[in-house]
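What the coordinates show
So the chains spell out like this:
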Amino acid sequence: MSYNNQMSVYGLVAKISLQDTMEYRVNFLLSTLKYSLMILFTALVWLAVEQANPAESYSRVETITYFFGAAILYTLSNFHPYEIEVDIKQGGLSRFLVKPMNPHLFYLVKVGAESFLATALKLIAFLPIAFALGFYFQPHLSQLLLFCLYLPVIYYVSFLLLSSISVCAFWFTEIYAVRWGLTVIFRLFSGILLPFDYFPNVVQSVLIYSPFPHLAYTPIRLLQGQLSIAEGVHGLTILLVWGVVLQLFNSFLWRRGIQEYEGTGI
Amino acid sequence: MHSLRRYFHIYQQIFITRVQMLFAFRLNTFVHFLYGPAYFIVLFVVQQLAYTKAPELGGWTRDQATLVLSVCFVLYTLTFILYISSLRQFLWDGIRHGVVDQYLTKPASPLFFIAWSKPDIAQIPMFVLTVALFLRQVWLLGDTVTVSGMLFAVLAAALGVWLHYLAITTYTSLGFVMTKAEQVLELFDKVSDSGQYPTNIFPGSLQFLLVAVVPVAFLGYVPAQFLLEYRPWHWVLLECLLILSFVVIHKFAWKYAIRQYTSASS
């Protein structure tokens, strides 16, 4: 199949995924809002900290801006590609034998369409609320562009991490608890529940080379103008390196897993 | 009495079956056992890090706020084991797969099966962990905790659990009206995480949310005040009024919901 045809196939997958998501609009809206509400409450806790001790924490505006960014970025790294597990368990992978599609790309596009839609929806819905609360940011154009470059990479690395767990369903049948566990680690170390620089120095110095802080903390601080372009590029490079490593690992798991696949379903 | 014994016998059978099902996938179950404690530890760490930045939040010291967190999580985990998990699964899969048909033909209330048929035994390690933290906090704050305070706290907590049950089952009845309503409970669950903090650190509108809409303040904040020798009787009065209101709303909602049920699974 030609490149153009391939693109149109995956374009269709994205379109169908969006239609599927929008079929139950209230449900989708609630699912988008739930984590944002959680982050709003977290932001209010850190605002209370700022009120109690302004010298040792972010300022009010900084806190609001930071958690606004966290709420927006959240859905790009916290999603559940559970369909991979379901297809492995129930024999749904067999359909890829007769379809001109790569299962890995299919899930990447399908889950991605939903995640980016949720992100866009939150951006539209929360911008007025954030401004009403005192949201303020004035990034340099280059910082804004670099931030935009982060978005697909955040999603890609998160997808690889989470789907690598899901692919283990070839061997373990039920694996959702591990995936849930990973999202908890995401929330803590990515800086969604608290700014990464609030961690003790020793924790920061170790985790800075992991993908986690670059999934939320680094791009948000970049957007706030608190990190330089060089620091932003450094974070993005770390994420890209992790992306390559995880892609190799993921491909290895798929290759080995397919050999275990029986296609009978349970 | 005979009816109560029958329900107890049914619940006993449900519990044994759940344990057997849980151990069908041992590795996943083992990770599932760890997920609850991991989630709790993440929230605990966030709270503790907040207290490294400020000595008091909303007039609550670190030990007092940790008591609120532990009381809230002891009760919330208990509700999760007993009924939240069942209600959740009912909204995710149950209603659309027509399971209510099965419940209607059994010699017990459909609401009993909807709310109590899938206890989440995997949360027991988290329950044990939260109880351990609670006992530690009571020991640390031993000077202020008295027997009468304990008794009043137990009373407030029992009323809080009852109110919580009425509220959550009322919202679950939306599943009969909406085709896909699972996110209603997910939203409820995420807002409930805020119960770990003293309610008074949040702005008034969100306090109202945590008291009257998602009444999680009565699972942590109010019982903890009784333990600490405050006597917030006005909160108990409000709790009773809310219980009365929710009894009426709950009755009406379920009557309407069951009438709407068409038994058409899809």
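In this text the structure is predicted, and so the values were computed from the model without any measurement.

Here's the deal with the overall build of chain A
When you go through chain A residue by residue, the secondary structure sums to 12 helices and zero strands. Helices and strands appear in chain A in the N-to-C order α-α-α-α-α-α-α-α-α-α-α-α. Here the C-alpha radius of gyration of chain A, 20 Å, is about what a compact globule of 266 residues would show, namely 18 Å. Projected onto its principal axes, the C-alpha positions of chain A cover 60 × 40 × 35 Å. In chain A, buried positions account for 54% of the 266 residues. In chain A, 80% of the contacts between residues at least 6 apart in sequence involve partners at least 24 apart. For chain A, the separation between the mean place of its 14 positive charges and that of its 14 negative charges on side chains is 6 Å.

Considerations on the packing of helix α2 (residues 25-52) of chain A against helix α9 (residues 204-213) of chain B
Running from N to C, α2(A) and α9(B) cross one another at 125 degrees; their axes reach a closest spacing of 12 Å. As judged from the angle between their axes, α2(A) and α9(B) are oblique. The element α2(A) and its partner α9(B) pack so that their crossing is left-handed. In this structure, α2(A) contributes A:Leu40, A:Phe41 and A:Leu44 to the contact, and α9(B) contributes B:Leu206, B:Leu209 and B:Leu210. For the contact of α2(A) with α9(B), the class distribution of residues is six nonpolar, no polar and no charged.

Looking at the interface of chain B and chain A
Counting residues at the interface gives 37 residues for chain B, matched by 37 residues for chain A. Carbon and sulfur atoms make up 79% of the surface buried where chain B meets chain A, a total of about 3400 Å² over both sides. On the chain B side of the interface with chain A, the three residues burying the most area are B:Lys53, B:Gln183 and B:Lys190, jointly 20% of the side's total. The interface formed by chain B and chain A holds zero salt bridges in total.

Comments concerning helix α3 (residues 62-94) of chain B
Residue and element names in this part refer to chain B. Between the first and last C-alpha of α3 there are merely 42 Å, a value that for 33 residues lags more than 12% behind the 48 Å anticipated at 1.5 Å per step. A bend of about 55 degrees at Phe80 is the largest found in α3. Within α3, 25 of the 33 residues are buried, which leaves it mostly tucked inside the rest of the structure.

Examining unusual backbone geometry
Residues other than glycine seldom take positive phi values, yet B:Glu229 does so here, at roughly 70 degrees. By the secondary structure assignment, B:Glu229 is in the loop between α10 (221-227) and α11 (233-260).

Some words on the confidence of the model for chain A
Regions with low pLDDT should not have their predicted coordinates read in detail. When the pLDDT values of chain A are averaged, the result is 88; 98% of them are 70 or greater. Mean pLDDT in chain A bottoms out at helix α5 (residues 95-98) of chain A, which sits at 82, and peaks at helix α12 (residues 229-260) of chain A, which reaches 94.

Concerning a nonpolar patch on the surface
Taken together, the side chains of A:Leu123, A:Ile124, A:Leu127 and A:Phe131 define a hydrophobic patch exposed on the protein surface, amounting to about 380 Å² of accessible area. Following the sequence through the fold, A:Leu127 ends up in helix α6 (residues 103-133).

Examining the layout of surface pockets
Residue and element names in this part refer to chain A. Quantified by volume, the second largest pocket comes out at close to 490 Å³. Around the second largest pocket, the lining comprises 22 residues; the ones closest to its centre are Leu40, Ala43, Leu44, Ile129 and Leu133. Put simply, the parts of the chain that give the lining of the second largest pocket at least two residues each are α2, α3 (60-77) and α6. Top element by residues in the lining of the second largest pocket is α2. It accounts for 10 residues. In terms of residue class, the lining of the second largest pocket is built from 19 nonpolar, two polar and one charged.

Describing helix α9 (residues 176-189) of chain A
With 14 residues, α9(A) should cover 20 Å at 1.5 Å per step; its first-to-last C-alpha distance of 20 Å lies within 8% of that length. Buried residues along α9(A) sit against α2, α3, α4 (82-90) and α7 (141-167) of chain A together with α2 (26-53) and α8 (182-192) of chain B. Looking one or two residues beyond α9(A), the residue adopting positive phi is A:Gly191, at roughly 95 degrees.

Details of the packing of aromatic side chains
Each aromatic ring pair is specified by the distance between its two centres and by the angle formed by the two planes. This structure, assessed with the given rule, holds 48 aromatic pairs over all chains. Measuring from centroid to centroid gives 4.9 Å for A:Tyr176 and A:Trp180, while their planes differ by 65 degrees, and the two rings are edge-to-face. With a gap of four residues between them, A:Tyr176 and A:Trp180 both fall in helix α9, about one helical turn apart. Over the face of the ring belonging to A:Tyr198 we find B:Lys53, whose NZ or CZ atom lies 4.6 Å from the ring centre. The ring of B:Phe113 is capped by B:Lys106, whose NZ or CZ atom sits 5.6 Å from the centre of that ring.

Focus: the pattern of salt bridges
Under the definition given, this model contains eight salt bridges over all chains. For A:Arg179, the salt bridge is made with A:Glu85, and the minimal N-O distance between the two is 2.6 Å. In this pair, A:Arg179 is assigned in helix α9 and A:Glu85 in helix α4, connecting sequence segments 94 residues apart. A:Arg179 gets classed as buried once you look at its relative accessible area, which sits at 3%. Of the residues examined, A:Glu85 reaches a relative accessible area of 4% and is grouped as buried. Each of B:Arg88, B:Glu186, B:Asp189 and B:Lys190 takes part in salt bridges that share partners, so that together they form one network.

So, how was this worked out
- Residues numbered from 1 in each chain as written.
- Chains lettered and ligands numbered in written order.
- Predicted model: local features only at pLDDT ≥ 70, side-chain atom pairs only at ≥ 80, totals over all residues.
- Heavy atoms only, no water.
- Helix = DSSP H or I, 4+ residues; strand = E, 2+ residues; numbered from the N terminus.
- Rg over C-alpha atoms; globule rule 2.2 N^0.38 Å.
- Buried < 20%, exposed > 50% of the residue type's maximum accessible area, 1.4 Å probe, protein only.
- Contact = heavy atoms within 4.5 Å.
- Lys, Arg positive; Asp, Glu negative; His and termini not counted.
- Charge placed at Lys NZ, Arg CZ, Asp CG, Glu CD.
- Axes fitted to C-alpha atoms, helices over the stretch in contact; angles between N-to-C directions.
- Parallel < 35°, antiparallel > 145°, perpendicular 65-115°, else oblique.
- Left-handed = near helix turned anticlockwise from the far one by under 90°.
- Nonpolar A, V, L, I, M, F, W, Y, C, P; charged D, E, K, R; others polar.
- Buried area = accessible area lost by both parts, 1.4 Å probe.
- Salt bridge = Lys/Arg side-chain N within 4 Å of Asp/Glu carboxyl O.
- Expected span 1.5 Å × (residues − 1).
- Bend = angle between axes of the 7 residues up to and from the residue.
- pLDDT = per-residue confidence, 0-100.
- Patch = residues over 30% accessible without salt bridge, like charges linked within 9 Å, V, L, I, M, F, W, Y side chains within 5 Å.
- Areas by Shrake-Rupley, 256 points an atom, 1.4 Å probe, with all protein chains shown as cover.
- 1 Å grid on protein atoms, 1.4 Å probe; cavity = no way out; pocket = protein on both sides within 12 Å on 5 of 7 lines; lining within 4 Å.
- Points joined across faces, edges and corners; volume = space filled by probe spheres on them.
- Phe/Tyr/Trp six-rings, centres within 6.5 Å; stacked < 30°, edge-to-face > 60°.
- Lys NZ or Arg CZ within 6 Å of the ring centre and 35° of its normal.

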